[in-house]
Amino acid sequence: MIRFLEDFSLKQHNTFGFDVKAKFCFAFTELADLHTFLHSNQSWKEEKLLVLGQGSNILFTGDFDGLVIQPQVPGIFIVKEDRQNVWIEAGAGEIWDDLVQFTVDYGFGGIENLSLIPGNVGAAPVQNIGAYGQEAGNAIEIVKGFDLKTGEIVEFSAAECEFGYRSSIFKSRLKNRIIITSVVFILEKFPEFILGYGDVEKRALEKGEINLTTIREAIVEIRRSKLPDVTELGNAGSFFKNPVVSVKVAQDLKQKYPSLPVYPATAETSKLAAGWLIEQAGWKGYRDGDAGVHEKQALVLVNYGNATGQQIFDLSEKIKQSVFEKFGIELEREVNCF
Ligand code: EPU
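Residues numbered from 1 in each chain as written. Predicted model: local features only at pLDDT ≥ 70, side-chain atom pairs only at ≥ 80, totals over all residues. Heavy atoms only, no water.

Participant: Give me the lowdown on the layout of surface pockets, citing residues and values where you can.
Facilitator: The space that makes up the second largest pocket amounts to roughly 200 Å³. Mapped onto the lining of the second largest pocket, the elements with two or more residues apiece are β9 (134-135) and β12 (178-188). Considering only residue class, the lining of the second largest pocket consists of four nonpolar, five polar and four charged. (1 Å grid on protein atoms, 1.4 Å probe; cavity = no way out; pocket = protein on both sides within 12 Å on 5 of 7 lines; lining within 4 Å. Points joined across faces, edges and corners; volume = space filled by probe spheres on them. Helix = DSSP H or I, 4+ residues; strand = E, 2+ residues; numbered from the N terminus. Nonpolar A, V, L, I, M, F, W, Y, C, P; charged D, E, K, R; others polar.)

Structure representation (structure tokens):
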């Protein structure tokens with residue numbers, strides 16, 4: 001299937017719910033169609049490009065004056081298996097949580113802690129989605145896609161994806177160059193569960209024994225209790241990354257603010273909870289018109305209805321400035337702004 005539209009409304013395609021438009025939109029379900037489109041129509045080369053899944057990690061500050069490409073490749077299937085592992089390939093257009101549900105139903109471990117994260121499968125490697133001690137990158141074997149520069153079909157091994165905390169090669173050196181069409185995951189038949197984060201273990205035990213299903217249920221409950229549902233309140237999950245600082249900076253801050261949550265990152269660095277910093281700077285529950293900071297999780301900026309992308313962006317600038325003034329820490333946006 002191919003769809004090519006002009007003056008395309010993005011309102012249903014960004015979870016903040018901004019009423020903006022793209023000059024052009026091209027959606028496809030098969031790699032061959034993308035190939036044909038890009039080879040037969042060279043005028044796209046003049047256009048700004050944006051690959052868009054469900055728009056769950058994006059902030060439009062105005063109309064997008066370019067070509068939006070929507071990979072809608074479907075399918076979730078088992079590629080191969082051995083005694084320990086199973087390899088599952090999922091199309092970029094599949095809903096991420098449907099893939100998690102599939103793996104949990106079949107009893108394969110590796111992405112269960114990533115339950116209920118909004119977005120499509122194709123976006124998972126781009127920002128290496130993560131939650132509750134798991135990251136997608138750890139379960140990814142191959143990313144398949146199309147290279148806009150060379151016009152070739154390409155494959156990346158996990159090492160070539162250069163996964164880091166909410167980052168990958170697709171977000172850095174190869175930004176806007178690779179259109180991901182499918183992802184191959186390697187999952188465990190006898191998984192070791194990751195239960196150390198917050199209340200995951202306690203909540204899963206309340207549901208009976210610890211298994212993939214109870215872990216998934218626990219995580220769905222925790223997320224629902226803290227994070228606003230995008231169908232009810234426009235948002236894009238964590239707006240900022242948790243800042244990674246030197247161990248020394250973290251220790252000094254911790255001494256001054258003993259309740260600051262600090263997590264080990266590497267031998268030389270520690271991660272700080274951005275939500276805590278923002279809350280302590282007085283922003284939790286703040287609202288100016290329809291732009292606000294979520295009342296249960298200060299890391300999430302929300303659109304109460306008619307806020308514009310620019311208003312949310314301006315609010316994020318004010319938050320950055322005030323956190324810097326109070327703590328000397330520079331917050332970095334996790335959400336992509338256009
Ligand atoms: N905290 C506060 N105030 C707040 C929010 C958090 O004091 O308003 C404190 C909490 O009490 C806790 C710590 O900060 O001690 C961490 O909070 P939480 O467990 O809610 O997780 P987070 O670090 O704020 C990260 C991810 C989330 C992911 C959760 C759970 C990032 C940027 N965010 O949030 O990911 O769901 O951990 O693993 O790494 C997303 O990326 O969109 C996202 C939601």
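On we go.
Participant: Tell me what's going on with the sheet that holds strand β3 (residues 48-51), and back it up with residues and numbers.
Facilitator: Spatially, β1-β2-β5-β3 is the arrangement adopted by the four strands of the open sheet, whose pairing is mixed. The open sheet terminates on both sides in strands that have one partner only, identified here as β1 (2-9) and β3. Between one strand axis and the next, the sheet turns by 25 degrees as a mean value, whatever way the strands run. The sheet contact formed by β3 and strand β5 (residues 64-71) spans four bridges and is parallel. Opposite Lys 48, over in β5, you have Gly 66 as the bridge partner. (Pairing = 2+ DSSP bridges. Axes fitted to C-alpha atoms, helices over the stretch in contact; angles between N-to-C directions.)

Participant: Tell me about the packing of aromatic side chains, residues and numbers included.
Facilitator: All told, the structure shown has 18 aromatic pairs when counted by the stated rule. When the centroid spacing of 5.9 Å and the interplanar angle of 85 degrees are considered together, the rings of Phe 64 and Phe 338 count as edge-to-face. Here Phe 338 lies in the segment after β20 (336-337) and Phe 64 lies in strand β5, a separation of 274 residues in the sequence. Taking the relative accessible area as the measure of exposure, Phe 338 reaches 29% and is therefore partly exposed. Their ring planes at 65 degrees and their centres at 5.3 Å tell us that Phe 239 and Phe 240 sit as a pair that is edge-to-face. Accessibility classification places Phe 239 together with Phe 240 in one group, the buried group. Each residue in the set Phe 4, Phe 24, Phe 26, Phe 28 and Phe 37 is aromatic and connected to the rest through ring pairs, giving one cluster. (Phe/Tyr/Trp six-rings, centres within 6.5 Å; stacked < 30°, edge-to-face > 60°. Buried < 20%, exposed > 50% of the residue type's maximum accessible area, 1.4 Å probe, protein only.)

Participant: Break down the pairing of β5 for me, with residues and values.
Facilitator: The buried fraction of β5 is high, at seven of eight residues. Pairing geometry for strand β2 (residues 21-28) and β5, over six bridges, is parallel. Within the sheet, the bridge partner assigned to Ala 27 lies in β5 and is Gln 70.

Participant: Just give me the short version of the site of the ligand, but keep the residues and values in it.
Facilitator: Inspection of the region around the ligand gives 23 residues, with Tyr 132, Tyr 165, Arg 166, Glu 279 and Ala 298 positioned closest. The separation between an oxygen atom of the ligand and a polar side-chain atom of Asn 242 is 2.8 Å. Within the backbone of Ala 298, one N or O atom sits 2.8 Å away from an oxygen atom of the ligand. Mapped by element, the contributors of at least two residues to the shell around the ligand are α4 (212-226), β13 (234-238) and α6 (274-280). The biggest single contributor to the shell around the ligand is α6, with three residues. (Near = heavy atom within 4 Å. Polar contact = N/O pair within 3.5 Å; in protein donor to acceptor, adjacent residues only side chain to side chain.)

Participant: So what about the nonpolar core? Which residues, and what values?
Facilitator: With 43 residues, the main nonpolar core has Leu 10, Ile 278, Ile 312 and Ile 319 as its most contacted residues. Those elements that place two or more of their residues in this core are β2, β4 (58-59), β5, α5 (247-256), α6, β18 (291-293) and α7 (309-327). Counting residues per element, this core draws most heavily on α7, at five residues. Split by domain, this core shows at least three residues from each of two domains, domain 1 (2-71) and domain 3 (234-337). Filtering out sequence-adjacent residues up to four positions away, Ile 278 remains in contact with Phe 240, Trp 283, Lys 284, Ala 298, Leu 299, Ile 319, Val 323 and Leu 331. Counting residues in hydrophobic clusters, the runner-up holds 40 residues, among them Ala 131, Val 154, Leu 174 and Ala 204. (Core = buried A, V, L, I, M, F, W, Y, C linked by side-chain atoms within 4.5 Å. Domains from an automatic or database assignment. Contact = heavy atoms within 4.5 Å.)

Participant: Which residues make up the sheet that holds strand β14 (residues 244-246), and what are the values?
Facilitator: Adjacent strands of a sheet form backbone hydrogen bonds with each other and so pair up, either parallel or antiparallel. What the three strands build is an open sheet, ordered β14-β16-β15; its pairing is antiparallel. Edge strands, defined here as strands with exactly one partner in the open sheet, are β14 and β15 (262-264). Ignoring which end each strand starts from, the neighbouring axes of this sheet average 40 degrees apart. Examined bridge by bridge, β15 and strand β16 (residues 269-272) share three bridges and lie antiparallel to one another. Each residue of the ladder has a partner; that of Pro 264, found in β16, is Ser 270. This element, α5, spans β14, β15 and β16 of the sheet and lies at about 95 degrees to β14.

Participant: Give a detailed account of the side chain of Asp 97, specifying residues and quantitative values.
Facilitator: Looking at where Asp 97 falls in the secondary structure, it is placed in helix α2 (residues 96-106). Given the relative accessible area of 14%, Asp 97 is considered buried. Separated by 2.8 Å, the side chains of Asp 97 and Arg 216 make a polar contact. Aside from chain neighbours lying at most four places away, what touches Asp 97 is Ser 115, Leu 116, Ile 117 and Arg 216.

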